[in-house]
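Chain residues, written in single-letter form:
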Amino acid sequence: MAPETLERLLVVLVDDWPLIALGAQEERSSVVVASQRVIAASPMARAGGVSIGQRQRDAERLVPTLEVLMRDPAREVHRFEPIVHCLSEITPTVMLGEPGWIALPTRGPARYFGGEEMLAEEVAICLHALEERQGERFPWRCGIADGLFAATLAAERKVVVTPGESAQFLAPLPIALLRDIALVDLLQRLGIDTLGALAELAADDVLARFGHAGLVAHQLAAARGAPLPIPYEGPSTISVVAHFDEPILESEVLLAEGAGSIERLCAQLAEQGLRCTIATIGLLRSDGYLSERLWQHHHGWDHEGLLQRLSWQLAAAQEGLSAIEEGITPGVSTLIVEAREVLSTQGGQLDLFSAPRHTPEEIERLSLRLEALLGEGVVCVARLAGGRGPGERIALYPVGAAPRTVAPLPPWPGQLPTPNPTRLFAELPAVELLDERGGGVQIDRRGILHGVPVEVVFLSGERVTVAGWSPPWPVEERWWDRRQGHRQARLQLLLGDERVLLLLWRSGIWLLEGLYD
Amino acid sequence: MVDPTHPLSQVPLSEDPHRRQRQRNLLHQVVRGLPPPSGMTERLPLDGEVAGLFGEGGLPLGSTVVVRGQQGQGLLTLALAVLARMSRETGYLGIVNLARVGLLSASELGVDLARLIVIARPVPQVARVASILLEGCTAVLLGDERHLEGADAERLQRRARERAAVLFVLDPNDRARRWREVPDVTLTVTHSRTRGLGDGAGRLLARELSITTHHRRRPPQHTPQMILLPPLVAPEIALPTDGVTRFHRAG
């Protein structure tokens, strides 16, 4: 693996963009939350102890006057557009990921402006002018270094790193800056605290000990070439080009066409076993204007993500248009989607530590999309909890609100033995349990079963013979409270058709609690 | 670059895209001196007792599996047992529209609850939800596909293949609308026998399931395999629970 030279990039970051996009006032303590976790906080809120990633509840407890805002991704994109537009006047091809982050390849423009320092100055001038025009301030920072990782960190520290010295720049920085939480934790415990300490290790050893994830981290820390650029045979670029004989004016039609193109691109990538981390989307208008943007994604683009970026870019292209000329709007005649940087998907799975294929962050994002579709509180994760009944022993939390660490549960006498029913009934429908004379089988106050169960009658009227049953498990809860306390008992019931039910005896009737399916 | 003189390079690439990709990967790894892919990279990791169901080839990621049989005969137990090790080792498991799965039983069968995403109430947009889940989960379990049209089923199967995720569908025989697409693997529970429950004595210990497996691309097998779920662990049987002992003393 020869060390590749990375592309020089200038990165502009806007701090707490989700908050600024919502137009929050600077002097107030406000936060933006998504899935009940803080994703952006104002300086006032931070001063009160609020930090990113904190649970909403905790943040509210720390700062009682906290203003909590919901994240608005559409608005974040829309409000970021002027900044993108402003910077694309410096260089036409800019790279975007999430709103609030933008990168420019410096090679061309640095030569034009007479050096990278001058380019950084030019960026500052443009952004100041924009702030003047818009009458508001963005807390932006910019920096230049080799590759995305180093350039983003350089931007955070507002430095221009000399070409080829990015590794030295990264060396003293803490290892926690890597995104891979599990890996960072492991490295820290092994005494590797800085990026430099990781970069000093031999790549082969890192691969052998930490798998692909470790190798990727090593390459980032050493500011070396893209992780495992696979020797790729076949056409030099993977791209889909769609020409339209009739230029398309309506964005819906173009998006429908775009969805097809993107799907073809994704299919090609999947066929080759590749994922695309940087995609280029080009929109050629019939009047010869080309809108071209690079879109960057850490784990590789998927169909829906790329389609969303296409719609952002399209909205931006059309917005600029209406501002320039009124009257006839030229349509889009050609759409180009190209995979500019590809990685092998296979590396992502080659793992020594059985880490999931997807990071918790990705899962959280995915849950956000599901929540947007289904409403809040529907997408859940489960944790074990204390209790006796099979339903009580599981606690469901909305994704993002679940406790990260779970204390081991104390012993809890009176629990049902394993296995527990695989299906539970929310409503607990009543059933009748009959003995051979047609009378009801009952459980007395001492937890003893009276009568021999022969037949069970469901609410639907269905009658099934009983083939076996267990002794009852008595549950006495809150015996000290006359109103709340109740004696109940559970019974496993085997039916003639080999179904096994879990019945609950409560207040003198049988309820259907679960089914062993 | 791949060395064209390497003996592996001489092997003609297969027509089948899946196989071709594997060949390519292998070639790159051999030439670059990387360790050969473990079985985990392309197949669903399976616990011992269910591993035998899928034969030599295992269950490749990207497959769709449909579980058939009578409701209440252990179909869900089977599905959870097959997916358990995956949730511990490879990735996330998504569960759609299974009204109130006993998640405790899932945990007992070995599913890692930390890698489980549940849609907590029945939703009408099953196809859309499942398709989003397939993007982030290694396996998605569908229980109640009443709302699925044939085209949606086909699209979901394709999506699973594309995302290299396993789509698991419970399709009990008494369902009005069945899963019409031809899945990669069909597991049919032909017979189930309960162990441990008697007339007022004992308790449910395990289920003996007779299962026939039908692979789309392999010759049909007619001899059912027996598996015991959950697998019996000796000390578990020997120890009566609190409730049971108290009952005996009382009686």
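Keep in mind it's a predicted model, so treat the numbers as computed, not measured. (Residues numbered from 1 in each chain as written. Chains lettered and ligands numbered in written order. Predicted model: local features only at pLDDT ≥ 70, side-chain atom pairs only at ≥ 80, totals over all residues.)

Next up on the list: the overall build of chain B. When you go through chain B residue by residue, the secondary structure sums to eight helices and eight strands. The long-range fraction of contacts in chain B, counting pairs at least 24 apart against all pairs at least 6 apart in sequence, stands at 64%. (Helix = DSSP H or I, 4+ residues; strand = E, 2+ residues; numbered from the N terminus. Contact = placed C-beta atoms within 7 Å.)

Our next topic: the overall build of chain A. Counting its secondary structure elements, chain A contains 15 helices and 23 strands. The long-range fraction of contacts in chain A, counting pairs at least 24 apart against all pairs at least 6 apart in sequence, stands at 55%.

On to the pairing of strand β19 (residues 463-469) of chain A. Within a regular beta strand, the side chains point alternately toward one face of the sheet and then the other, so they alternate between its two faces. Residues and elements named next belong to chain A. Judged from the three bridges that link them, strand β18 (residues 455-457) and β19 form a sheet pairing that is antiparallel. Looking at the pairing, E455 lines up with T465 of β19. Hairpin connection of β18 to β19: five residues between the antiparallel strands, including G461 at a positive phi of 95°. (Pairing = 2+ DSSP bridges.)

Before going further, it helps to spend a moment on the confidence of the model for chain A. Residue and element names in this part refer to chain A. Mean pLDDT over chain A: 82, with 89% of residues reaching 70 or higher. Across residues 227-234, where pLDDT falls below 50, the model places 15 contacts with residues more than four positions away in sequence or in other chains. Throughout residues 347-355 the model reports pLDDT below 50, and contacts reaching past four residues in sequence, or to other chains, amount to 19 contacts. (pLDDT = per-residue confidence, 0-100.)

Here we come to the sheet that holds strand β3 (residues 37-41) of chain A. Residues and elements named next belong to chain A. Strands sit in the order β3-β2-β4 across an open sheet of three strands; the sheet is mixed. Strands with a single pairing partner mark the edges of an open sheet, and in this sheet they are β3 and β4 (67-70). Pairs of neighbouring strands in the sheet enclose a mean axial angle of 40°, with direction left out of account. (Axes fitted to C-alpha atoms, helices over the stretch in contact; angles between N-to-C directions.)

Counting residues in hydrophobic clusters, the biggest one holds 95 residues, and the most contacted among them are L10, V11, V31, A150, A151 and A154 of chain A. For this core, the element with the highest residue contribution is helix α11 (residues 203-221) of chain A, accounting for nine residues. Here this core spans two domains, since at least three of its residues come from each of domain 1 (8-221) and domain 2 (238-347) of chain A. When neighbours within four sequence positions are excluded, A151 of chain A is seen to be in contact with L9, L10, V11, A103, G143, I144 and A145 of chain A. Counting 77 residues, the second largest nonpolar core, distinct from the first, contains L59, L104, A206 and L229 of chain B. (Core = buried A, V, L, I, M, F, W, Y, C linked by C-beta atoms within 7 Å. Buried ≥ 20, exposed ≤ 12 C-beta atoms within 10 Å, placed from the backbone. Domains from an automatic or database assignment.)

Further remarks concern the environment of L46 of chain B. Residues and elements named next belong to chain B. You can see L46 is positioned in the loop between α1 (17-32) and α2 (48-51). Remark: the alpha-carbon pair of L46 and L59, spanning 13 residues in sequence, is separated by 8.5 Å. Filtering out sequence-adjacent residues up to four positions away, L46 remains in contact with A51, G58, L59, V82 and R85.

Here we come to helix α7 (residues 147-156) of chain A. Residue and element names in this part refer to chain A. Burial within α7 is extensive, with eight of its 10 residues counted as buried. Along α7, the positions that sit buried rather than exposed are G147, L148, F149, A150, A151, L153, A154 and A155. Summarising the contacts, the buried residues of α7 are in contact with β1 (8-14), β6 (101-105), β7 (140-146), α8 (166-170), α11 and β10 (290-296). One or two residues past the end of α7 sits K158, with phi positive at roughly 55°.

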